[in-house]
Every structure is written in C-alpha cells, then in structure tokens.
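# A closer look at the structure
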Amino acid sequence: MKAKQTVYVNEFTDGVLDPAREMEYRVKDGGHIIANTAPGCWGPMITPALRGGHEVTKPVYVEGAEAGDAIVIRIQSIKVTSAATASGNDKPVDGRFVGDPFVAVKCPGCGTMNPETTIDGIGQTAIRCNTCGEDITPFVFTNAYTMAFNEQKTMGVTLPQEAAEKIAGRAKEYMNTPENSIQNPVVTFAPHDLVGAMARLRPFLGQLGTTPSRALPDSHNAGDFGQFLIGAPHEFAVTKEELEERTDGHMDINRVREGAVVVCPVKVPGGGVYLGDMHAMQGDGEIAGHTTDVSGIVTLEVHVMKGLAIEGPVLLPVTEDLPYLAKPFSEKEKQEALALSREWGVAELEESYPISFVGTGADLNEATTNGMERAAKLFGIEVPEVMNRSTITGSIEIGRHPGVVTVTFLAPRAYLEMNGLLPLVKERYSS
C-alpha cells in the first residue's frame, strides 16, 4: 500500500499487538494520523472476544522507520465524543478465565475460550455467551459510577440509578462507540455507587506507542501489566527477558495530552503507531485501577528520527504539566543565577532543557530504576547523576500505580545535542 500524507484510522485490533500481521495503514514521514478511537479498559474487559484488555487502533506503518530509530509523535488534538461513560474498581470472577481475565476468558457454561457475546438487558449479568447463553463477564465492579458530560466536554457529573439505567438502555449511542468497535459498552452495567460527584475533563491517551517485537496483549505492553504474562498458562506467556521486547505504549500517564510530544522506540519495520484508551480525566496514579474511558477523535503528526535508539518512550509534556523544578528558567532567573555564579567563580552555567523518561516495572521502585537507567544509557552517564538531576531539577511522578513513572529533569544542552534531540526539545520549550 502506498504511504499517504494523511491516514484516517477507524479499525481496531482484536486486543493483540502482533508484529507478524501486515500493517494495513501507511503514512509518510512527516504525515498525519487521524483516528476515531474506541474506549479502553472496561468495555474491552467485558468483551471476551477482545484478547488484550483494550481495543486499540490497527497499527500504522510510518515510511522510513526501521528498528533502532524512533518516531516523534506530536499530539495535535484530542476531542472526546462520548456523552457518558461508566467506570470503577474491578474484581475478577473466579472460574471465568485461565490465568488472566484480561486475555484468556473461558465460558463457565460451555468452556468456550474467548467466545462471541450478546447483551441481554442491563446490569452486571447482561453479557452472555453466544454459544450457551451463560453469564460470562470476567470482571464485576466493587464500587463504580456512571458519568455524563456536558455538551462542551468540560464537566462531568456522576448519576443516580434511574439516569444510569436510561443510559444503559442506549449504551452505544451515549458512549458513541466507533462503527467498527466490537466492545460491549460498559454503561450497560448501569453502576451508581457515586452520585452527584463533579469532575473536570482533561482528556489524554492511555495508549499511545509503537508495536512491540513480539505479539503481546495490548494492555500488557508495559512493564507492570506485562508481569501477568511471565510464565502464564496461555499462548502469550513470556519470560522476564522476552518482556523486554515491549515498547511501553500502555502508559496511562495523564500528561500524554493535547500539545504533548511522545518519542517512541521503533522495534519493527515501520514502527506500527497505535493509539486508544482515551480517558476523560485522571489523577496521577490511576489509583482506582480504571478511569473514565471514552470515544474520541485524535490527530497526530509523526516524524522519524533516524538512529535514536531508545528503549522506551520519552515524553515532552506541555509546559504547564512540567514539575516546578523542571520548568524552563525565565530571563530573570537566568540573570540571578549568572550573578551568583560570578560571585562563586563558576566559569560557565549549563544551558538545559526539560525531558521526561518513561519507566515501567513490576512496582514503582522497579519502574523508577527502569526510567533512570534509560536516561543514563541514552546520555552516556551514570544513574547516580540522573538521581541527582531528578532531585534538584525535576521529579519522579507516578503515571500508573503499580508500575509506570516519569523521570523528569533538566538535561544539559550537550546531552541532547549528541542524540539529535536538541532541535526537538528547543522547539518545544524555547520561549
């Protein structure tokens, strides 16, 4: 297929990111990807035919991208199209999966693996196996809510039972799920434990990245969720070493929003850019395990950076989202530092710019180490230096509990220049 300047994506995977599958979409280096994304987490989690816990867009081949390169993704716009959603804490249902309820769902009635399903009514017993009619939901809520949004998509309010059940009766309409999505809309469950809570919308992408070099369930393309695959009793089982083939596209970092730039590793020809799991809002950590999954329209601009061998995503957040200590210095601050340096005989002050390294692992400690090691390797320095710079010129911030963080600090100009990152970072943060 010939690469296009603009690619419109409205088709989805079956929940598996598989580098062996031919990429049906191709975009030129410097081109745009416009996607109608499907809700993540809960809808796919109650749709056994989706085998990865999410329903992300089919990967896009970026012309000129080869393994060992990187793809710069500029998030130009994110627009929520759902009028309502539902979410809450999850509880797996014993007897309805083999090892992993996100990946290997088994009907408790007929034993069919990952069967097609039908929605019969509303509530948490509405998802039924097409083969035998048994209730097959692999997850149920422990505490949950239905939330409606205003027309401007600036505010959400959680709803009482009557309103939640009204939305459940017209689930796909209210969630505005894309035509090619096969997920069962989560509002079908009509949860209403929280009523009258207000929340501001600030949408972002929970999934944005490139295709791993081995087939992985999409929600497990990260160092924390990927732990479920180590020695698993199903076909996607990996060793700890094989999990390193991930690309950490499932970040759930709320700073991956409109205006941000994400630099992603390329591990397969063409990179295979995919996206989804849009959230209407989320605090750091996604501590409930899930947040407000919505449909939306996203516009991305993609560029290939040749020879930038990174092991995981590098994030350039919007300036507002940077930690206080990592924000670019004002001219007044620079003059104050210059005067101080002359007083103490400092020959030259660093010219530095913000940069965030995404780290993932089994827990937050492992994720922090992973992010620091990635930074140290790229810049050719030792981890203790990264620790010092992150402490006095940056911060460690939780993306997702239990194991996604960002390691942010002000990096010297020379470090960025040696990897070709300086023009990109200067463009992002120069006043």
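Below is a summary of the structure that appears in this document.

Each value, and the rule that gives it
- Residues numbered from 1 in each chain as written.
- Predicted model: local features only at pLDDT ≥ 70, side-chain atom pairs only at ≥ 80, totals over all residues.
- Heavy atoms only, no water.
- Helix = DSSP H or I, 4+ residues; strand = E, 2+ residues; numbered from the N terminus.
- Rg over C-alpha atoms; globule rule 2.2 N^0.38 Å.
- Buried < 20%, exposed > 50% of the residue type's maximum accessible area, 1.4 Å probe, protein only.
- Contact = heavy atoms within 4.5 Å.
- Areas by Shrake-Rupley, 256 points an atom, 1.4 Å probe, with all protein chains shown as cover.
- Lys, Arg positive; Asp, Glu negative; His and termini not counted.
- Charge placed at Lys NZ, Arg CZ, Asp CG, Glu CD.
- Pairing = 2+ DSSP bridges.
- Axes fitted to C-alpha atoms, helices over the stretch in contact; angles between N-to-C directions.
- Polar contact = N/O pair within 3.5 Å; in protein donor to acceptor, adjacent residues only side chain to side chain.
- Core = buried A, V, L, I, M, F, W, Y, C linked by side-chain atoms within 4.5 Å.
- Parallel < 35°, antiparallel > 145°, perpendicular 65-115°, else oblique.
- Left-handed = near helix turned anticlockwise from the far one by under 90°.
- Nonpolar A, V, L, I, M, F, W, Y, C, P; charged D, E, K, R; others polar.
- Salt bridge = Lys/Arg side-chain N within 4 Å of Asp/Glu carboxyl O.
- Expected span 1.5 Å × (residues − 1).

## What to know about the overall build of the protein
Across its full length, the protein carries eight helices and 20 strands. For 431 residues, the compact-globule estimate of 2.2 N^0.38 gives 22 Å, and the protein sits close to it at 22 Å. With the C-alpha coordinates of the protein rotated into their principal frame, the extents come out at 80 × 45 × 40 Å. In the protein, which comprises 431 residues, the proportion classed as buried is 57%. Looking at the protein alone, contacts between residues at least 24 apart form 78% of all its contacts between residues at least 6 apart. About 17,500 Å² of surface is accessible on the protein, with carbon and sulfur atoms providing 51% of the total. Separation between the mean location of the 37 positive side-chain charges and that of the 56 negative ones in the protein comes to 4 Å.

## Here we look at the sheet that holds strand β6 (residues 84-92)
The four strands are arranged β6-β9-β10-β11 in an open sheet whose pairing can be described as antiparallel. Both outer strands of the open sheet, β6 and β11 (198-200), are each paired with one neighbouring strand and no more. Ignoring strand direction, the axes of neighbouring strands in this sheet form an average angle of 30 degrees. With eight bridges connecting them, β6 and strand β9 (residues 139-149) associate as antiparallel partners. Bridged to S87 within β9 is Y145.

## Observations regarding the environment of R51
Relative to the helices and strands, R51 resides in the loop between α1 (42-45) and β4 (60-62). Using a relative accessible area of 23% as the deciding quantity, one classes R51 as partly exposed. Counting along the chain gives 165 residues from R51 to L216, while the straight-line C-alpha distance between them is 9.8 Å. Setting aside residues up to four positions removed in sequence, R51 forms contacts with D14, G15, V16, F102, V103, N114, P217, E235 and F236. Reaching out from R51, the side chain makes a polar contact with the side chain of E235 at a distance of 2.5 Å.

## Observations regarding the environment of G88
Structurally, G88 is set in strand β6. Considering only alpha carbons, one finds G88 and P191, 103 residues apart in sequence, at a separation of 8.5 Å. G88 has contacts with W42, F141, N143, A144, Y145, A288 and H290, leaving out every residue within four places of it along the chain.

## Details of the side chain of T47
Mapped onto the secondary structure, T47 falls in the loop between α1 and β4. Among all residues touching T47, those that are not within four sequence positions of it are I182, Q183 and N184.

## Quick look at the nonpolar core
Counting 41 residues, the largest nonpolar core has L208, V256 and L300 as its most contacted members. Sorting elements by how many residues they give to this core places strand β5 (residues 70-80) first, with five residues. Residue contacts for V256: discarding those within four places in its chain leaves I75, I78, F204, L205, L208, M251, V262 and L315. Within the second largest apolar cluster, 32 residues are counted, among which are I355, A376, Y415 and L422.

## Focus: unusual backbone geometry
Here the bond from H401 into P402 is cis, since omega is 25 degrees, no more than 30 degrees from zero. Among the secondary structure elements, P402 is positioned in the loop between β19 (395-400) and β20 (404-412). Even without glycine at this site, A190 takes up a positive phi of about 50 degrees.

## Points about the pairing of β9
Note that β9 and strand β10 (residues 155-158) share three bridges and pair antiparallel. Its bridge partner lying in β10, A148 is registered against V157.

## Section: the packing of helix α5 (residues 364-379) against helix α6 (residues 383-393)
Remark: α5 packs on α6, axes separated minimally by 8 Å, with the N-to-C direction vectors making an angle of 110 degrees. Classed by the angle they form, the pair α5 and α6 counts as roughly perpendicular. When you trace α5 past α6, the crossing you get is right-handed. In this structure, α5 contributes M372, E373, A375 and A376 to the contact, and α6 contributes V383, V386 and M387. Within the contact of α5 with α6, the residues separate by chemical class into six nonpolar, no polar and one charged.

## Observations regarding the pairing of strand β14 (residues 261-265)
Within β14, five of the five residues are buried, which leaves the element mostly enclosed by the surrounding structure. Side chains V261, V263 and P265 project from β14 onto one buried face, and the interleaved V262 and C264 project onto a second face that is buried too. As paired elements, β5 and β14 share five bridges and run antiparallel to each other. When the bridges of β14 are listed, R74 appears paired with V261. Both β14 and strand β17 (residues 314-316) contribute to a ladder of three bridges, which runs antiparallel.

## Digging into the pattern of salt bridges
In this structure the tally under the stated criterion is 31 salt bridges. Between R202 and E320 there is a salt bridge, and its shortest N-O distance comes to 3.9 Å. With R202 in the loop between β11 and β12 (204-209) and E320 in the loop between β17 and α4 (331-343), this pair connects stretches of sequence that are 118 residues apart. Judged by its relative accessible area of 37%, R202 is partly exposed. Ionic pairing is found between E245 and R214, a salt bridge with its closest N-O pair at 3.1 Å.

## Here's the deal with α4
For an α-helix, the turn length of 3.6 residues means that residues three or four places apart are oriented alike. Taking 1.5 Å of rise per residue, 13 residues should cover 18 Å, and α4 covers 19 Å from first to last C-alpha, within 8% of that figure. Immediately downstream of α4, the backbone of G345 shows phi near 75 degrees, a positive value.

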